[in-house]
Amino acid sequence: DYDHDHDVETGGGEPAADADRSILPFEPVTLSFHKLRYHVMVPIPREERSSGLRTHGKAENFHKIEILKGISGFCKPGEMTALMGSSGAGKTTLMDVIAGRKTTGKIEGDIYCNGKPKDDAKFAKMMGYVEQFGVHLEKSTVYESLQFSAALRLDNDVASDPEKLDKVCELVLKMLELENIGDRLVGNEDTGLSFEEVKRLTIAVELVSNPSIVFADEPTSGLEARSALVVMRCLQNIAATGRTVVATVHQPNVSIFNLFDNLLLLKRGGETVFFNKLGKNSENLLRYFEGFPGVKRCPENLNPATWMLTVIGAGVGGVEEKDFAVEYRKSSMYVDTLKELQLLMPIDSDPETDAETETSPLQRVSRDARGIDPKSENYSTSFATQLRFLMKRNHIEYWRTPTYGLLRWMMLTGMAIIIGLIFVNGTITNSSDVQSRVSNINIIVAVVGNYNVMTIIPFMFSHKALFYRERASLTYSGYAYAISCQLVEDPYIFVEVALVVICFYFLSGFVTDPIWPFFYYWVLFWVFIMLSTFVGFLFSVALPTTGSAQICATLYVQVFSLFSGVVVPPNQIPDYLIWIYYISPQRWVQEGMITTQFNFILDPICVPFGTPYVINEAEECSNIPGKANTTFYAGEGNSIRFCCDAGQQGFSARDYVFDEFLGGPNGYKYEWRVWDFLYLFGLLLVVRMLGVVLSHNISYNKR
């Protein structure tokens, strides 16, 4: 059996560099956990479902898969603990359960911090979680990424003191050996930081929050030996400051493996086979496994990490010769672990027998995994501070992303100029001219609105992984994030609409006397484009994938454009579908824009074609060869008398639009121009608020 008295207390090795302990004061954390279990319910394939198993009249369609089975252990300040095992052993799951990052499944067991039950909200502010693949804003520099994390995850007094904020960031840059690249953009894998530099940045972003405990998921994966050692040296520097470091690793080389103080080794199926100090050069690990009959000694030239995985059947070609999980629970090592746990937390089992006592001080905790509850009182900084730093970051990103904002301006301005040039110096003489100008307005509304809806969706989805990471760390609330995303769009939309309207309006020869229809057109179009943009934003927060959001956005644009009253005139829409016409945003914006234009266009026109023949008061159309016998009137106060060819009808452009083309009981009305604005503005407020609420309350981040 294993003899605990022979443990070699010296672990890991010396830090690779002197660690600065004076970044900010923090509370060292001893983390202990006992009999942790975790399971998920998995659907049974339809062909395998048993018709005989029924629950409340329904066939049982799920079966339970247990991923963790009674894991116990502890992690102490100033030490590095490795969680290891084969793929599928549950090491990352164990870390997620301890860290409170699981959002699905059911957790059982007890987790304590410094002798008290773990409070998930408080613990989230005390820990840093280093993701396996770091997600950062590409348009931020390394220093800006650290500054943002520090400002929103430390207390308000740090965020409000630029000097203190800079000092924290500079110390972390030094500790993580990032000083030389502090001004570089994070970028992407082709143009930005190297993979190893991103790993260190991911650690740094967590370290500036002054955590008491740092979790690192596969910090060395994807790195060559030298880069992996650099990253691990950074983690060792963090542990040297008195912080608790827990990391999952997969087959590290011997240099990295020997940096760890403790090892918790899992076998496939989520059971512990070893938990103790590694000892110098892994002496405790080697002594424990070599003590079992039939286990060959580890060759001197073989990595102990590789050897132990082979012994427990997790390595290449490894076959488990005995159930080491059972052997571990029989060992004095497990008894010593339980005795240590008794000092750190109340446990409900006898260390000598591992049997639950009749007078257990605990009720076994069983709860659904739901992640961190994002309540306002859980954040380190105020809502105003969160909004201020989010707005600053968003403005910088938009300025550095011309392919999004500037390209949108250029594309739509060019489109407005092209469409407007079609009508330069154009005249209105018949119904085709009127319908062309109405269609002109319809096209510009559809093109600009559709462009904004469809472009914001992939842009927002490209930020979702970052949003989920930062929100899980309680960096900011979903409310602050959504509001900042909306506010940063507003000035860009304003400029976009100004460019489009000025170019399109005057090239098309729209009304300038009086001038107020121009400003009404501008404001109404601005409200509509904001509405279109934030409908796209709403789809991006409400739906799980870019594809599903774009499909819904396409349906939204196409259906409401079809029922806007121009493609299909109001008097031709069936009564049972007229409700779509009345809720269509395109209908209300076009009504306002078209009626305020044509209310002042009194030019004479002939319907359906032809050219008006203006006559004076002494002439009559009946006396003019080839003209209709009826004299028609147009202009202000019917001051213009004109004739049309035989078989044609004469109107003023206004009367044709209001009475014939877009008229009728459900037609466009000039008197509703104020309601056009109020409907769109009210709908805009509803969509913006709904986007904010859904952003805070909906998450598709499943772990």
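Residues numbered from 1 in each chain as written. Predicted model: local features only at pLDDT ≥ 70, side-chain atom pairs only at ≥ 80, totals over all residues. Heavy atoms only, no water.

1. What about the overall build of the protein chain?
Here is step 1 of the chain: If you tally the helices and strands in the protein chain, you get 23 helices and 18 strands.
Here is step 2 of the chain: In the protein chain, the share of contacts with a sequence separation of at least 24, taken over all contacts with a separation of at least 6, comes to 77%.
Here is step 3 of the chain: For the protein chain, the exposed area adds up to about 30600 Å²; of that, 56% sits on carbon and sulfur atoms. (Helix = DSSP H or I, 4+ residues; strand = E, 2+ residues; numbered from the N terminus. Contact = heavy atoms within 4.5 Å. Areas by Shrake-Rupley, 256 points an atom, 1.4 Å probe, with all protein chains shown as cover.)

2. What to know about the packing of aromatic side chains
For any two aromatic rings, the description comes down to two numbers: the centre-to-centre distance and the angle of the planes.
Here is step 1 of the chain: As enumerated under the stated definition, the model contains 48 aromatic pairs in all.
Here is step 2 of the chain: With a centroid separation of 6.5 Å and an interplanar angle of 45°, the aromatic rings of F133 and F195 are classed as tilted. With F133 in the loop between strand 8 (127–130) and helix 3 (142–153) and F195 in helix 6 (residues 195–207), this pair connects stretches of sequence that are 62 residues apart.
Here is step 3 of the chain: Classification of F133 by relative accessible area gives exposed; the value is 53%. (Phe/Tyr/Trp six-rings, centres within 6.5 Å; stacked < 30°, edge-to-face > 60°. Buried < 20%, exposed > 50% of the residue type's maximum accessible area, 1.4 Å probe, protein only.)

3. Topic: the confidence of the model for the protein chain
Here is step 1 of the chain: Averaged over the protein chain, the pLDDT score is 86; the fraction of residues at 70 or greater is 89%.
Here is step 2 of the chain: A low-confidence stretch, residues 1–22 (pLDDT under 50), is modelled with 51 contacts involving residues beyond four sequence positions or located in other chains. (pLDDT = per-residue confidence, 0-100.)

4. What to know about the state of the cysteines
Here is step 1 of the chain: As enumerated under the stated definition, the model contains two disulfides in all.
Here is step 2 of the chain: Linked covalently through their sulfurs, C606 and C644 form a disulfide whose S-S length is 2.0 Å. Taking the torsion about the sulfur-sulfur bond, which here is approximately -90°, the covalent link between C606 and C644 counts as left-handed. Highlighted residues: C606 in strand 14 (residues 604–607) and C644 in the loop between strand 17 (640–643) and strand 18 (649–652), separated in sequence by 38 residues.
Here is step 3 of the chain: Assessed through its relative accessible area of 0%, C606 is described here as buried. (Disulfide = S-S within 2.5 Å.)

5. Overview of the nonpolar core
Here is step 1 of the chain: With 197 residues, the main nonpolar core has L146, F215, L263, L265, F289 and F525 as its most contacted residues.
Here is step 2 of the chain: Beyond its immediate chain neighbours, meaning those up to four positions away, L146 contacts C169, V172, L173, L201, A204, V205 and V208.
Here is step 3 of the chain: Counting residues in hydrophobic clusters, the runner-up holds five residues, among them C606, F632, F642 and C644. (Core = buried A, V, L, I, M, F, W, Y, C linked by side-chain atoms within 4.5 Å.)

6. Considerations on the pairing of strand 9 (residues 213–217)
Here is step 1 of the chain: Counting buried residues in strand 9 gives five out of five residues, a clear majority hidden from the surface.
Here is step 2 of the chain: The two faces of strand 9 match: I213, F215 and D217 on one face and V214 and A216 on the other face are all buried.
Here is step 3 of the chain: As paired strands, strand 8 and strand 9 are joined by four bridges and run parallel to one another. Opposite M127, over in strand 9, you have I213 as the bridge partner. (Pairing = 2+ DSSP bridges.)

7. What to know about the pairing of strand 14
One face of the sheet, then the other: side chains in a regular strand alternate in exactly this way.
Here is step 1 of the chain: Alternating residues of strand 14 divide into P604 and C606 and I605 and V607, and every residue in both groups is buried.
Here is step 2 of the chain: Sheet topology places strand 14 next to strand 18; four bridges connect them, and they run antiparallel. What sits directly across from C606, in strand 18, is G650.

8. A short note on the sheet that holds strand 17
Here is step 1 of the chain: In spatial order, the strands read 15-17-16; together these three strands make up an open sheet with antiparallel pairing. A single partner strand is all that each edge strand has here, and the edge strands are strand 15 (613–615) and strand 16 (632–634). Between one strand axis and the next, the sheet turns through 45° on average, direction left out of account.
Here is step 2 of the chain: Of the strand pairs in this sheet, strand 16 and strand 17 are connected by three bridges, and their pairing is antiparallel. Its bridge partner lying in strand 17, Y633 is registered against R641. (Axes fitted to C-alpha atoms, helices over the stretch in contact; angles between N-to-C directions.)

9. A few points about the environment of I457
Here is step 1 of the chain: The topology assignment puts I457 in helix 15 (residues 431–461).
Here is step 2 of the chain: For I457, a relative accessible area of 0% puts it in the buried group.
Here is step 3 of the chain: In this structure, the C-alpha to C-alpha distance between I457 and T546, residues 89 residues apart in sequence, is 6.7 Å.

10. A short note on a nonpolar patch on the surface
Here is step 1 of the chain: A cluster of nonpolar residues, F681, L685, V686 and M689, forms a patch on the protein surface that exposes about 370 Å² of accessible area.
Here is step 2 of the chain: When you line up the elements, L685 lands in helix 23 (residues 673–697). (Patch = residues over 30% accessible without salt bridge, like charges linked within 9 Å, V, L, I, M, F, W, Y side chains within 5 Å. Salt bridge = Lys/Arg side-chain N within 4 Å of Asp/Glu carboxyl O.)

11. Digging into unusual backbone geometry
Here is step 1 of the chain: With an omega of 10°, the peptide bond between D513 and P514 qualifies as cis.
Here is step 2 of the chain: Along the chain, P514 turns up in the loop between helix 17 (478–507) and helix 18 (516–542).
Here is step 3 of the chain: Geometrically, the link from V607 to P608 is a cis peptide bond, its omega value of 5° lying close to zero.
Here is step 4 of the chain: The residue P608 is located in the loop between strand 14 and strand 15 in this model.
Here is step 5 of the chain: For N210, which is not a glycine, the phi torsion comes out positive at approximately 60°.

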